[in-house]
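In case you want the letters, here they are:
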Amino acid sequence: MYKVLQQNIIKELGIDNLPEKEKEEMLLRIGKIIFQDVMFRVVEILSEKDQDEMSKLFDETAGDDEGDKVLDFLRSKIDNFDDIVGEEIVKFKEESVDIMQSIKK
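Residues numbered from 1 in each chain as written. Predicted model: local features only at pLDDT ≥ 70, side-chain atom pairs only at ≥ 80, totals over all residues. Heavy atoms only, no water.

1. Regarding the overall build of the chain
Looking only at helices and strands, the chain features five helices and zero strands. In the chain, the succession of helices and strands from N to C terminus is α-α-α-α-α. Scored against the burial criterion, the 105 residues of the chain give a buried share of 30%. Intrachain contacts of the chain at a sequence separation of at least 6 include 56% that bridge at least 24 residues. When the accessible area of the chain is evaluated, it comes to approximately 7,600 Å², of which 50% is carbon and sulfur surface. (Helix = DSSP H or I, 4+ residues; strand = E, 2+ residues; numbered from the N terminus. Buried < 20%, exposed > 50% of the residue type's maximum accessible area, 1.4 Å probe, protein only. Contact = heavy atoms within 4.5 Å. Areas by Shrake-Rupley, 256 points an atom, 1.4 Å probe, with all protein chains shown as cover.)

2. Here's the deal with the pattern of salt bridges
One pass over the structure, following the stated rule, counts seven salt bridges. Between Lys-23 and Glu-20 there is a salt bridge, and its shortest N-O distance comes to 3.7 Å. Within this pair, Lys-23 and its partner Glu-20 are both found in helix H2 (residues 20–45), separated by three residues, close to a single helical turn. One salt bridge connects Glu-88 with Lys-91, and the closest N-O pair in it is separated by 3.6 Å. Of this pair, Glu-88 and Lys-91 both sit in helix H5 (residues 81–104), three residues apart, which is roughly one turn of the helix. (Salt bridge = Lys/Arg side-chain N within 4 Å of Asp/Glu carboxyl O.)

3. Digging into the nonpolar core
One recurring pattern in soluble globular proteins: nonpolar side chains tend to sit buried together. Counting residues in hydrophobic clusters, the biggest one holds 23 residues, and the most contacted among them are Leu-13, Ile-30, Val-38, Val-42, Leu-74, Ile-78 and Phe-81. Put simply, the parts of the chain that give this core at least two residues each are helix H1 (2–12), H2, helix H3 (48–61), helix H4 (67–77) and H5. When sequence neighbours within four positions are dropped, the list of residues in contact with Phe-81 reads Val-38, Val-42, Leu-71, Leu-74 and Arg-75. (Core = buried A, V, L, I, M, F, W, Y, C linked by side-chain atoms within 4.5 Å.)

So, to be careful, I would describe these as geometric facts and stop short of saying anything about function.
Below is the structure:
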């Protein structure tokens, strides 16, 4: 599902014509924005204990590129975590497409 959304974002934002390196950089930026939005939502859902545990996990994996551990933790604590991620991807996509369309006018 996320691969399809990623391809749609690339096409609809008009970054499909960028060189591969720039496209990858753009996708990383987009991923960071979406990740931040997801984190804002999940922090409200997690208990204080789980927030502390997540914070420790972030500290332990910082710089290790082991985001999967954090994602696995969040999936174990929040039943609809993947739905939240999907919603934030769709929200980002819709907002970005609206902005790009208004720029083109």
